Amino acid sequence: MSDFLLDLSKNPTAKKFIQAAGLPIPLPTPLDRPKGPTTEQVLRDKVIHVAGEGQLTDALAEILAVAGANSAVVGDKLLAAFAKPGEKYNRRPRKIAVDEVAEGEKINGLVFDATALETPEDLKAIYQHFHARARAYAKSARAVIIARPFDQAKTPEQSAARYAVEGFIRSLAKEIGKFGATANVIFVEDGAEDRLAPVLRFLLSSASAFVTGQPLRVSSKASGSVSSDYARPLSGKVVLVTGAARGIGAATAEILAGEGAKVVILDRPADGEPAAETAKKIGGTVLLADVSDKAAPAQIAKFLQDKFGGVDVVVHNAGITRDKLLANMKPDVWDSTIEINLAAVARITKHLVDEGVLRDGGRVIALSSIAGIAGNNGQTNYSASKSGIIGLISALAPTLAAKGITANAIAPGFIETRMTAAIPVAIREVARRLSALGQGGQPSDVGQAITFLATPGSLGITGQVLRVCGGAFVGK
């Protein structure tokens, strides 16, 4: 499905004409997306400006050097911390002033360590770092603030300063979206510092192209240790993806396979042909089952146990929409939506856990939706089911943590799929533009987020909802 304005923005002549004529046409910036599987040097040669003398200086220095970034750091303390890993990985840092940007320099990433925030006055340093560089963003740049959770603050003033960071980052995301740039915040709990690296790498990389204005919390709730294997992190892992014959499910399966996973393509029997095509393309395995069938949990569990000895990652992607105003909604329309989108997810997950088919250290990832967060006209059934997913994940996470299993939800916004292609043109166009990035996402954007949450490195993220919405102007 073509986005006329996005296509127009890719034409230099047309873009120059529109700008010269002063026409009020918002041309979104094409997003930089991954060209292949993850590499260890995911930030190779990217210019990253770093500031903030917080508590994670040494960790940041190591993370960015390993990722291949060219770091420009503010102050002697950061320069000293970045020197050793910079020497080790041939990524020597350069010192810059608080407001320094080299003439003509385009910055690929801005990182601020705000873990030492104590009072609202301390927020001035954040303002200075981002204000000084507001006109130097490269296309598809990344801004990330690392802070501590407000609910672990020791004083009201500290809590205020920490919570203020979230408001700042949400607003910044809306300001810089016109460059195809994103802004996110990572709240790192005390004791979870060793789980920061994979999260920061994801948010600074092209894999997070459609994730912006989001807070992610890194905790030590799920037991285990974080792997430092960044190339093909899912090698040997068995991953089940439901509703994988087409769209987001198929795109996700392809990305997972590229990261080394053995992917099981589950879809309904009626979609056996496209499911087989997807499986053939990625070297996966087909499992045909109707998730709404009460016998499906046992069927799925037996298949996974018999063929693979269990499963490591379960991605609940299968879902339907049956839109009707509540006044016109028949009981069967309500029932089928709740059954497939929510009840089946709960039943299948419970059975896989209870029977020990989901291995320790596993991952449960379920598709929610912006509609489940903000609601939508004519979608009381769909919104209820997707909101229910958030409740399910929230309750599941603490019950699985002792086994090192994480449970998270993904909430896509407007994604260019067959489903959104059926939306009337005017509504579709508005939905695309009502986001910080001014465009719809691709199925691969959701697939990248799912893949990140499926990896061993995502251990610090559990019980959360990750919005893949381009900074949609609805919901929180």
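(A) Structural context of the overall build of the protein chain. Assigned secondary structure in the protein chain consists of 16 helices and 14 strands. In terms of C-alpha radius of gyration, the protein chain reaches 22 Å, essentially the compact-globule figure of 23 Å for 476 residues. Dimensions of the protein chain, computed from C-alpha atoms along their principal axes, come out at roughly 65 × 55 × 45 Å. Residue burial in the protein chain is summarised as follows: out of 476 residues, 56% are buried. Expressed as a percentage of contacts within the protein chain between residues at least 6 apart in sequence, the contacts between residues at least 24 apart total 73%. Of the roughly 20,000 Å² of accessible surface on the protein chain, 54% is carried by carbon and sulfur atoms.

(B) How the structure looks around the nonpolar core. The biggest cluster of nonpolar side chains holds 66 residues, and the ones touching the most others in it are Val 50, Phe 82, Ile 146, Ile 186, Leu 200, Val 263 and Ile 410. With 7 residues, the top contributor of residues to this core is helix α7 (residues 196–204). Residue contacts for Val 263: discarding those within four places in its chain leaves Val 239, Val 241, Ala 253, Leu 256, Ala 257, Ile 282, Gly 284 and Thr 285. With 35 residues, the next largest nonpolar core counts Ala 318, Ile 320, Ile 348 and Ile 405 among its residues.

(C) How the structure looks around the pairing of strand β13 (residues 406–412). Taking burial as the measure, the 7 residues of β13 include 7 buried ones, the bulk of the element. Sheet analysis places β13 next to strand β14 (residues 465–468), joined by 4 bridges and oriented parallel. Bridge pairing in β14 links Pro 412 to Val 468.

(D) Inspection of helix α4 (residues 76–88) at higher detail. Over its 13 residues, α4 runs 19 Å from end to end, which matches the ideal 18 Å to within 8%, given 1.5 Å per residue. The sharpest bend along α4 reaches about 35 degrees and sits at Phe 82, with the proline Pro 85 one to four residues further on. Taken together, the buried positions of α4 are occupied by Leu 78, Ala 81, Phe 82, Pro 85 and Gly 86.

(E) Main features of the sheet that holds strand β4 (residues 107–113). With parallel pairing, 7 strands are arranged side by side in an open sheet as β3-β2-β1-β4-β5-β6-β7. The two strands at the open ends of the sheet, each matched to only one other strand, are β3 (94–96) and β7 (214–218). Between one strand axis and the next, the sheet turns by 25 degrees as a mean value, whatever way the strands run. Pairing analysis gives 3 bridges linking strand β2 (residues 70–74) to β3, with the strands arranged parallel. Directly across from Val 73, in β3, lies its bridge partner Lys 95.

(F) Structural view of the environment of Gly 438. Within the secondary structure, Gly 438 sits in the loop between α15 (425–433) and α16 (443–454). C-alpha of Gly 438 to C-alpha of Pro 30: the two residues are 408 residues apart in sequence and 9.9 Å apart in space. If near-sequence neighbours (up to four positions away) are discounted, Gly 438 is found in contact with Pro 28, Arg 432 and Arg 433.

(G) Fine view of the packing of aromatic side chains. As enumerated under the stated definition, the model contains 4 aromatic pairs in all. For the ring pair Phe 202 and Phe 452, a centre distance of 4.4 Å and an interplane angle of 5 degrees mean the geometry is stacked. Of this pair, Phe 202 sits in helix α7 while Phe 452 sits in helix α16, and the two are 250 residues apart along the sequence. Sitting over the face of the ring of Tyr 230, Arg 201 holds its NZ or CZ atom 3.6 Å from the ring centroid. Taking the ring centre of Phe 308 as reference, the NZ or CZ of Lys 307 above it sits at 6.0 Å.

Conventions we followed
- Residues numbered from 1 in each chain as written.
- Predicted model: local features only at pLDDT ≥ 70, side-chain atom pairs only at ≥ 80, totals over all residues.
- Heavy atoms only, no water.
- Helix = DSSP H or I, 4+ residues; strand = E, 2+ residues; numbered from the N terminus.
- Rg over C-alpha atoms; globule rule 2.2 N^0.38 Å.
- Buried < 20%, exposed > 50% of the residue type's maximum accessible area, 1.4 Å probe, protein only.
- Contact = heavy atoms within 4.5 Å.
- Areas by Shrake-Rupley, 256 points an atom, 1.4 Å probe, with all protein chains shown as cover.
- Core = buried A, V, L, I, M, F, W, Y, C linked by side-chain atoms within 4.5 Å.
- Pairing = 2+ DSSP bridges.
- Expected span 1.5 Å × (residues − 1).
- Bend = angle between axes of the 7 residues up to and from the residue.
- Axes fitted to C-alpha atoms, helices over the stretch in contact; angles between N-to-C directions.
- Phe/Tyr/Trp six-rings, centres within 6.5 Å; stacked < 30°, edge-to-face > 60°.
- Lys NZ or Arg CZ within 6 Å of the ring centre and 35° of its normal.

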